[in-house]
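Chain and residue survey
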Amino acid sequence: MNIDTKILSGKEVATFVYRNLEAKIGDLKKEDVIPGLAAVLVGEDPGSKVYVRSKTRRFNKLGLLSETFLFPADIDEGSLIHEIQMLNENSNFHGILVQLPLPKHLNEKKVLHEVLPQKDVDGFHTENLGLLTAGYPRYVPCTPKGILEILKYYEILIEGKHVVIVGRSNIVGRPLSILLGLKRKFGNATVTVCHSRTPDISEHTKRADIIIAAVGVPQMIGADMIKEGSTLIDVGINRVKDDSENGYHLVGDVDFQSVLGKAGAVTPVPGGVGPMTIAMLVANTVEAASRTI
Ligand code: NAP
């Protein structure tokens, strides 16, 4: 057990994606179209604020339009829906994202359903999830799309491989399981999805060529759960308290140190899937803007 584990840098892939988007953004600007994103943020959740800030910062850095619409935590559902409908009609914004989670009194499914499917650059609307399931994706949710881009960039073969996804959320695990199993290029994998009711997850992960961990349990996947040479994509972002200035540090769902030397490749946290999620949000918004000309 002494493999030279390759570190799959999401930062590097994101830089490549931004470089490739430059020409498209330039063409749109020539047509007086500046891709624009409206970020809807409800309440004061510190994690959500950080996510929205890093997304809008990236848009601004690329000379794109990005505006955050902040609403109080106690906003009623009708008012929030009205605000989203106004954004649907605002032609400056080609994409709308509603930062999750929403406060408990708001029905997430209902609110997300109000975003115009053509502006749903997060790909969470049921119409877009339906298109994806049928094999004609319009907007692929950003994290699954980013993971596919990492695999493509590093030429990790998916076809014919056994992929085990741990986690079945609507934003990561479920869409990813569908995409990887589609009969198309960068699909054709045999996919197993594990979740909190799976009796023995390691029984599956030990047979996997590729493991995608999207659980939210710090360092859950260790060396004893994987096959030698497998590829590990770590989606998890978990805050672990420590004595640092921030009071915490980030770890993934994979026990990074333990898998070095046994895994063939692994994404780090931070610097792995996270930067790709933002890059794909930009890519989807640019795509949405392109569809308007
Ligand atoms: P989620 O909605 O909470 O879903 C978690 C999934 O993991 C569920 O399917 C759940 O099973 C399963 N699960 C939970 N505990 C488990 C356990 N002990 N054993 C097996 N399965 C278990 O989470 P999510 O939104 O998909 O996010 C997952 C992680 O990815 C989080 O750490 C989140 O912060 C991170 N994330 C990162 C990015 C990024 O850009 N890097 C983007 C999105 C999310 P059940 O379905 O049975 O409940």
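Presented here is a report on the structure given in the accompanying data block.

Criteria and cut-off values
- Residues numbered from 1 in each chain as written.
- Predicted model: local features only at pLDDT ≥ 70, side-chain atom pairs only at ≥ 80, totals over all residues.
- Heavy atoms only, no water.
- Helix = DSSP H or I, 4+ residues; strand = E, 2+ residues; numbered from the N terminus.
- Buried < 20%, exposed > 50% of the residue type's maximum accessible area, 1.4 Å probe, protein only.
- Lys, Arg positive; Asp, Glu negative; His and termini not counted.
- Salt bridge = Lys/Arg side-chain N within 4 Å of Asp/Glu carboxyl O.
- Contact = heavy atoms within 4.5 Å.
- Near = heavy atom within 4 Å.
- Polar contact = N/O pair within 3.5 Å; in protein donor to acceptor, adjacent residues only side chain to side chain.
- Areas by Shrake-Rupley, 256 points an atom, 1.4 Å probe, with all protein chains shown as cover.
- Nonpolar A, V, L, I, M, F, W, Y, C, P; charged D, E, K, R; others polar.
- Axes fitted to C-alpha atoms, helices over the stretch in contact; angles between N-to-C directions.
- Parallel < 35°, antiparallel > 145°, perpendicular 65-115°, else oblique.
- Patch = residues over 30% accessible without salt bridge, like charges linked within 9 Å, V, L, I, M, F, W, Y side chains within 5 Å.
- Pairing = 2+ DSSP bridges.

1. A few points about the side chain of Lys55
Along the polypeptide, Lys55 turns up in helix H2 (residues 46-61). Among buried Asp, Glu, Lys and Arg side chains, Lys55 stands out as unpaired, with Asp122 the closest opposite charge at 5.4 Å. When near neighbours in sequence (up to four residues on either side) are disregarded, Lys55 contacts Leu97, Gln99, Ile278 and Leu281.

2. Here's the deal with the site of the ligand
What surrounds the ligand is a group of 21 residues, the closest being Arg168, Ser169, Ser196, Val235 and Thr277. One of the side-chain nitrogen or oxygen atoms of Ser169 is found 2.6 Å away from an oxygen atom of the ligand. In the environment of the ligand, a nitrogen atom lies 3.3 Å from a nitrogen or oxygen atom belonging to the backbone of Val235. Across the complex, the protein chains shield 68% of the 930 Å² of accessible surface that the ligand would expose by itself. With three residues, helix H10 (residues 273-290) is the largest single contributor of residues to the shell around the ligand. Grouping the constituent residues of the shell around the ligand by class yields 10 nonpolar, 10 polar and one charged.

3. Focus: the packing of helix H6 (residues 142-153) against H10
At their nearest, the axes of H6 and H10 sit 8 Å apart, and the two run at 105° to each other. Taken together, the axis directions place H6 and H10 in an arrangement best described as roughly perpendicular. In this structure, H6 contributes Cys142, Thr143, Lys145, Gly146, Ile147, Glu149 and Ile150 to the contact, and H10 contributes Val273, Met276, Thr277, Met280, Leu281, Asn284 and Glu287.

4. Topic: a nonpolar patch on the surface
Taken together, the side chains of Tyr51, Ile237 and Leu250 define a hydrophobic patch exposed on the protein surface, amounting to about 240 Å² of accessible area. With respect to the helices and strands, Tyr51 occurs in helix H2. The class for Tyr51 is partly exposed, based on a relative accessible area of 36%.

5. Some remarks on the pairing of strand E7 (residues 210-213)
Neither face of E7 is open: one carries Ile210 and Ile212, the other Ile211 and Ala213, and all of them are buried. The pairing of strand E5 (residues 162-166) with E7 spans four bridges and is classified as parallel. Its bridge partner lying in E7, Val164 is registered against Ile211. Bridge count between E7 and strand E8 (residues 231-234): four bridges; the pairing is parallel.

6. Topic: the pattern of salt bridges
Tallying each qualifying case throughout the model produces eight salt bridges. A salt bridge links Lys49 to Glu44, with the nearest nitrogen and oxygen atoms 2.5 Å apart. Residue classification places Lys49 among the partly exposed residues on the basis of a relative accessible area of 29%. Classification of Glu44 by relative accessible area gives exposed; the value is 54%. With its nearest N and O atoms 3.6 Å apart, the salt bridge here joins Glu287 to Lys145. In this pair, Glu287 is assigned in helix H10 and Lys145 in helix H6, connecting sequence segments 142 residues apart. Linked through salt bridges whose partners overlap, the residues forming this network are Lys145, Glu287 and Arg291.

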